[in-house]
Amino acid sequence: MDEQFDFVVVGSGGGSMSAALVMREAGKSVLVLEKTDLLGGSTAKSGGVMWIPNNRFNAAEGIEDSLEKAEEYLNAVVEAYPGDAPGTSREKRRTYIVEANAMIDFLMRKGIPFEKAPKWPDYYDDRPGGMLTRTVHAKLFNVNELGEWKHKLRPNSFPYPLPIFDGVMLPLIKRSWTARRLAVTMTLRNWLGKLTGKKWVTAGAALQGRMLQAALNAGVEFRTGAEVKEIVVANDAVTGVVIEKGGKQWQISARLGVLLNAGGFSHNQEMRDQYIPHTRKEWTHAAEGDTGDMHRELMRIGAAMGQMEEMVGNQMFMSPTGGPVGAQMQLAKPHAFMVDQTGTRYMNEGGSYMLFCQSMLERHKTVPAVPSWVIMDSQFKRYHMMADSMPGSNKPAEWFSSGFLKTAPTIEELAGEIDVDPATLKATTERFNTFARNGKDEDFGRGDREYDKWLGDIRRPPTPRSARSRKARSTRCRSCPAMSALSAAR
Ligand SMILES: Cc1cc2nc3c(=O)[nH]c(=O)nc-3n(C[C@H](O)[C@H](O)[C@H](O)COP(=O)(O)OP(=O)(O)OC[C@H]3O[C@@H](n4cnc5c(N)ncnc54)[C@H](O)[C@@H]3O)c2cc1C
């Protein structure tokens, strides 16, 4: 061995940081190895939204939750889909529920301030044990506090100095005074920051910036550009890892163990084709280092693998001007629905992104659905963001020339544009409009869950003010009013 540590961590995501802090607390030497030049992994790019059941913030506000309730919920959600599996056995779920809270307490003792979202419903809040808020977030972080290390922190994709739970309001800027107030707060915070030498980051970057700061203060060692090539095994135990240094192999021993926390395989097309077919690496927002290195290395040394076909999927618009743009908040808004390549609607567009992707891939097994078409009317264009464009804006010429966006004055003509049977698309549209008028999506229950409503247009009342109201036709359901003139985008 060329070097020795008590504990070696592969990858610098969220779990890596907290594990490193725990080991330092126990007085052990810790080395974190990160293969890219930036620390933080996909965690730093993420929303940083942590599902922490029975948390101290809800308790302080008198919001009732319990370990039993959280367990009931988690079991109801997980077992409805893949069932009990090695990565998510009942025992592991229980451990998560108990330890998640202890983790937040521990990190707060390490100086990391958290807050809860006022509202961020559980994704399947209609299931037993579901609640309207259990998420915890790191508070905004002044990245300048990291000194030179700030250049080593992976930036977040949400560049605005607002907590992420406020950020979700911004797309409603044309429709909501709260969103306008938040935009003003954000601008003032930026100006004030410039005057006082502060640069605020949010979401996963705030979480990982704060974690990095705590870890550096605690004496954790970090190395970037340090790709782990091999896991060293002796007498049936992992004893260290091999990296490359100066063109040579460099062995690092880990007296107490190695934590492999090296992300998924979002950027490995071969593994996608094998485990999650019909998905492309170009669509991902995960950090570029997530190439499945450690999965392959674990297979080499004979580890048992499980649930390789699972993913944190998220629906994207493939905008010719903005690349893959998150579509979840947009598709759940009124005046839009989604169809497969035969013009048939096949899911609740407003639910969890996991379920969305699962449903899309499942559909694709029998009917071409990757990509699908979003059918929107002129009201959607006026009020809501579409891919990377603002509400009401003229859409870039490239969207039309590339075939990403098509428009037509009638449903039948639109069907011709997107190459689906006009009668099918017309029937789909009429059925959707009937549901919208009646305030009930009888096919997929869009708008039934609190989560769907939260993603929908919060400005829209859930029920019509009066049957004669001009808007009553289309306002029963926050996320599914009827359609008028049309466009379609993939
Ligand atoms: C845009 C986006 C938003 C998200 N929002 C949320 C959210 O709000 N809440 C939530 O719970 N989840 C969210 N997720 C999912 C969540 O971010 C990931 O599941 C989580 O960050 C994974 O953490 P990790 O530590 O396993 O991997 P990562 O954070 O990706 O860290 C893995 C690290 O390992 C490094 N690595 C890989 N191979 C090697 C090697 N051979 N040697 C050394 N280093 C290596 C990688 O470069 C990477 O830096 C989001 C994901 C994305 C992309």
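In this text the structure is predicted, and so the values were computed from the model without any measurement.

Next up on the list: the overall build of the protein. Along the protein, the regular secondary structure elements total 17 helices and 17 strands. Relative to the compact-globule value of 23 Å for 490 residues, the protein shows a C-alpha radius of gyration of 24 Å, a close match. Each of the three principal axes of the protein carries a C-alpha extent, and together these read 75 × 50 × 45 Å. In the protein, buried positions account for 41% of the 490 residues. The long-range share in the protein, meaning contacts at least 24 apart out of those at least 6 apart in sequence, stands at 69%.

It is worth spelling out the domain arrangement of the protein at this point. Partitioning the protein into structural domains gives domain 1 (3–223) and domain 2 (316–489). For domain 1 and domain 2, the distance between their C-alpha centres works out to 31 Å. With 15 residues of domain 1 at the contact, the number on the domain 2 side is 14 residues. Considering only residue class, the side of domain 1 that touches domain 2 consists of 8 nonpolar, 1 polar and 6 charged.

Another aspect to go through is the site of the ligand. Looking at the ligand, there are 33 residues lining it, with Gly-11, Gly-13, Gly-41, Gly-47 and Gly-289 nearest. Residue assignment for the shell around the ligand shows that the elements contributing at least two residues are helix H1 (14–25), helix H2 (41–45) and helix H10 (293–300). No other element matches H2, which puts 4 residues into the shell around the ligand. Of the residues in the shell around the ligand, the class split is 9 nonpolar, 18 polar and 6 charged.

This brings us to the pairing of strand S11 (residues 248–260). Sheet topology places strand S1 (residues 3–10) next to S11; 7 bridges connect them, and they run parallel. Bridging across to S11, Phe-5 finds its partner in Ala-254. Two strands pair when backbone bridges link them, and strand S10 (residues 237–245) and S11 are joined in this way by 6 bridges, in the antiparallel orientation. Residue Ile-243 lies in a different strand from S11, and its bridge partner there is Trp-250. Count of turn residues in the S10/S11 antiparallel hairpin: 2 residues, of which Gly-246 carries a positive phi of about 55°.

A word on helix H8 (residues 203–218). Along its 16 residues, H8 runs 23 Å from first to last C-alpha, staying within 8% of the 22 Å computed at 1.5 Å per residue. Within H8, 13 of the 16 residues are buried, which leaves it mostly tucked inside the rest of the structure. Phi for Gly-219, located one or two positions after H8, is positive at around 90°.

Formed by 54 residues in total, the largest nonpolar core has its most connected members in Val-8, Val-10, Ala-20, Val-30 and Leu-33. Broken down by element, the residue count for this core peaks at 8 residues, all from H8. Dropping the residues within four chain positions of it, Leu-33 is found in contact with Val-8, Val-9, Val-10, Arg-223, Ala-226, Val-228 and Ile-243. With 31 residues, the next largest nonpolar core counts Met-385, Met-386, Leu-414 and Leu-455 among its residues.

With that settled, the discussion passes to the pairing of strand S15 (residues 373–377). Most of S15 is tucked away: 4 of the 5 residues are buried. Pairing of strand S14 (residues 336–339) with S15 involves 4 bridges; the strand directions are antiparallel. Residue pairing in the sheet places Ala-336 in a bridge with Met-376 of S15.

Moving on, we get to the sheet that holds strand S2 (residues 30–33). Strand order in the open sheet formed by 6 strands is S8-S2-S1-S11-S10-S9, with mixed pairing between adjacent strands. The outermost strands of the open sheet, each flanked by one partner alone, are strand S8 (221–223) and strand S9 (228–234). The sheet shows a mean angle of 40° between the axes of neighbouring strands, taken without regard to direction. The pairing of S9 with S10 spans 6 bridges and is antiparallel. Paired with Ala-234 across the strands is Ala-237, a residue of S10.

What follows covers the sheet that holds strand S3 (residues 50–51). Read across the sheet, 3 strands follow the order S3-S5-S4 without closing on themselves; strand pairing throughout is antiparallel. What marks the edges here is a single partner per strand, and that holds for S3 and strand S4 (114–116). One ladder, built from 3 bridges, connects S4 with strand S5 (residues 135–138); its direction is antiparallel. Bridging from a neighbouring strand, Lys-116 pairs with Val-136 of S5.

In this section: unusual backbone geometry. In the segment running from Val-370 into Pro-371, the intervening peptide bond is cis, with an omega of 0°. Position of Pro-371 among the secondary structure elements: in the loop between helix H12 (353–364) and S15. Even without being a glycine, His-278 presents a positive backbone phi close to 70°. Within the fold, His-278 resides in the loop between helix H9 (269–275) and H10. A residue is classified by how many C-beta atoms lie within 10 Å of it, and His-278, with 13 of them, is partly exposed. Look at His-335: it is not a glycine, yet its phi comes out positive at around 70°.

The rules behind each value
- Residues numbered from 1 in each chain as written.
- Predicted model: local features only at pLDDT ≥ 70, side-chain atom pairs only at ≥ 80, totals over all residues.
- Helix = DSSP H or I, 4+ residues; strand = E, 2+ residues; numbered from the N terminus.
- Rg over C-alpha atoms; globule rule 2.2 N^0.38 Å.
- Buried ≥ 20, exposed ≤ 12 C-beta atoms within 10 Å, placed from the backbone.
- Contact = placed C-beta atoms within 7 Å.
- Domains from an automatic or database assignment.
- Nonpolar A, V, L, I, M, F, W, Y, C, P; charged D, E, K, R; others polar.
- Near = placed C-beta within 6 Å.
- Pairing = 2+ DSSP bridges.
- Expected span 1.5 Å × (residues − 1).
- Core = buried A, V, L, I, M, F, W, Y, C linked by C-beta atoms within 7 Å.
- Axes fitted to C-alpha atoms, helices over the stretch in contact; angles between N-to-C directions.

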